[in-house]
Amino acid sequence: MTKTRRLLAALFATTVAASAYAYPDKTVTIVVPFAAGGPTDKVARDFAEAMRKPLGGTTIVVENVSGAGGTLGANKVAKAALDGHTLLLYHIGMSTSPSLYRNMPYKTLEDFEYLGMINEVPMTLIGHSTLPANNFAELTKWMADNKGKINLANAGLGAASHLCGLLFQQGMKTEMTTVPYKGTAPAMTDLLGGQVDLMCDQTTNTSTQIEAGKVKAYAVTTSKRLTTPALRNLPTMDEAGLKGFNVSIWHGLYAPKGTPKPVVDKINAALRDALKDAEFIKRQEALGAVIVTDSRVNPADHKKFVEAEIIKWGTAIKAAGQYAD
Ligand code: ASP
């Protein structure tokens, strides 16, 4: 946080205290740092609906600012006005990007108010519908027979699909040609069209395609099988042979650092209410996501959780020799 922003924050905090600031007093924007129609966007649009009532019926818009694994959108919010009207809904990329990007335009742990966690989302390994492999064992053989010819889509360095794809390639002891997109929504379009072969993506994007039989699904990335009807027959990566494979991603909510405490408290209270919204819970569960209800919804606990994730994924990313400029 720059000196000017620190001064602004101090000034704004005084104004807020003096005027018993009525937050929100205009449209709230939730920045999603990935393409529209993708898994994080789907979480955000359902979430925005659930947040509307606890925020007094205010209008909430979702803005997609995609690119660079989510860091472009995160940077926009890090530098936004300190009034709580511009929020960031980001995922595990919040914790992988500091290890992946040498020149981050913001400081992950210093430039945000941590508002709390929203949900956890498993991932699935999927392929184009005409791939000859119908299950994980056949996929393993097909991959061995086609070394050097297989494409794996992702949503850019630091994205969940990048991380999952990286661990998958490591586990399979192979390297594929990775094709980065601004989100897995455009990546899914190309996977459905057969321009790319495989993708590891969040169930909030894949479950409807799997259910409709539009893609081949090979495994889920969590250590346990999922209970969602569309996904319950899929083996775990561990069962399929990649012992210990366990990737589940999460989403959290953030405001620029220096947003006044009364505003942070109001957003956190609204977040807690939104996470109890029956329709939101139902819609997310149908897509394989699990709403968080424990202490991780606390700003301080969520920050501690992200700190631990930075260390955990930093170790895995360094071991895989991945860096970007
Ligand atoms: N969450 C990203 C999106 O919404 C995808 C990813 O992280 O892989 O497109």
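Residues numbered from 1 in each chain as written. Predicted model: local features only at pLDDT ≥ 70, side-chain atom pairs only at ≥ 80, totals over all residues. Heavy atoms only, no water.

A.B. asks: Describe the overall build of the protein, naming the residues involved and giving the relevant values.
C.D. replies: When helices and strands are tallied, the protein shows 12 helices and 10 strands. Looking at the protein as a whole, 56% of its 325 residues qualify as buried. Once local pairs closer than 6 in sequence are excluded, the contacts in the protein between residues at least 24 apart make up 79%. Of the roughly 13,600 Å² of accessible surface on the protein, 54% is carried by carbon and sulfur atoms. (Helix = DSSP H or I, 4+ residues; strand = E, 2+ residues; numbered from the N terminus. Buried < 20%, exposed > 50% of the residue type's maximum accessible area, 1.4 Å probe, protein only. Contact = heavy atoms within 4.5 Å. Areas by Shrake-Rupley, 256 points an atom, 1.4 Å probe, with all protein chains shown as cover.)

A.B. asks: Mind laying out the packing of helix H2 (residues 39-52) against helix H11 (residues 278-286), listing which residues take part and the relevant values?
C.D. replies: Packing of H2 against H11 leaves a shortest axis separation of 9 Å and a crossing angle of 165 degrees. The angle between H2 and H11 falls in the class roughly antiparallel. For the pair H2 and H11, the sense of crossing is right-handed. Residues Lys42, Val43, Asp46, Phe47 and Ala50 of H2 pack against Phe280, Arg283 and Gln284 of H11. (Axes fitted to C-alpha atoms, helices over the stretch in contact; angles between N-to-C directions. Parallel < 35°, antiparallel > 145°, perpendicular 65-115°, else oblique. Left-handed = near helix turned anticlockwise from the far one by under 90°.)

A.B. asks: With reference to specific residues and values, describe the environment of Asn154.
C.D. replies: You can see Asn154 is positioned in strand E5 (residues 151-154). A sequence separation of 128 residues divides Asn154 from Lys282, and the C-alpha atoms of the two residues are 28 Å apart. Excluding anything up to four places from it in sequence, Asn154 contacts Ser161, His162, Thr178, Val179, Pro180 and Tyr181.

A.B. asks: Tell me what's going on with the nonpolar core, and back it up with residues and numbers.
C.D. replies: Across soluble globular proteins, nonpolar side chains have a tendency to be buried as a group. With 83 residues, the main nonpolar core has Phe47, Phe112 and Phe168 as its most contacted residues. The leading source of residues in this core is strand E4 (residues 112-128), at eight residues. Ranked by size, the runner-up nonpolar core spans 15 residues in total, among them Ile126, Ala153, Val215 and Leu234. (Core = buried A, V, L, I, M, F, W, Y, C linked by side-chain atoms within 4.5 Å.)

A.B. asks: Let's hear about the side chain of His251: which residues, and what values?
C.D. replies: Relative to the helices and strands, His251 is located in strand E9 (residues 248-256). Given a relative accessible area of 0%, His251 falls into the buried group. Within the local environment of His251, its side chain forms a polar contact with the side chain of Thr40, the two groups lying 3.0 Å apart. Within the structure, the side chain of His251 is placed 2.9 Å from the side chain of Asn119, a separation counted as a polar contact. Among all residues touching His251, those that are not within four sequence positions of it are Thr40, Val43, Leu89, Tyr90, His91, Met117, Ile118, Asn119, Val121 and Gln202. (Polar contact = N/O pair within 3.5 Å; in protein donor to acceptor, adjacent residues only side chain to side chain.)

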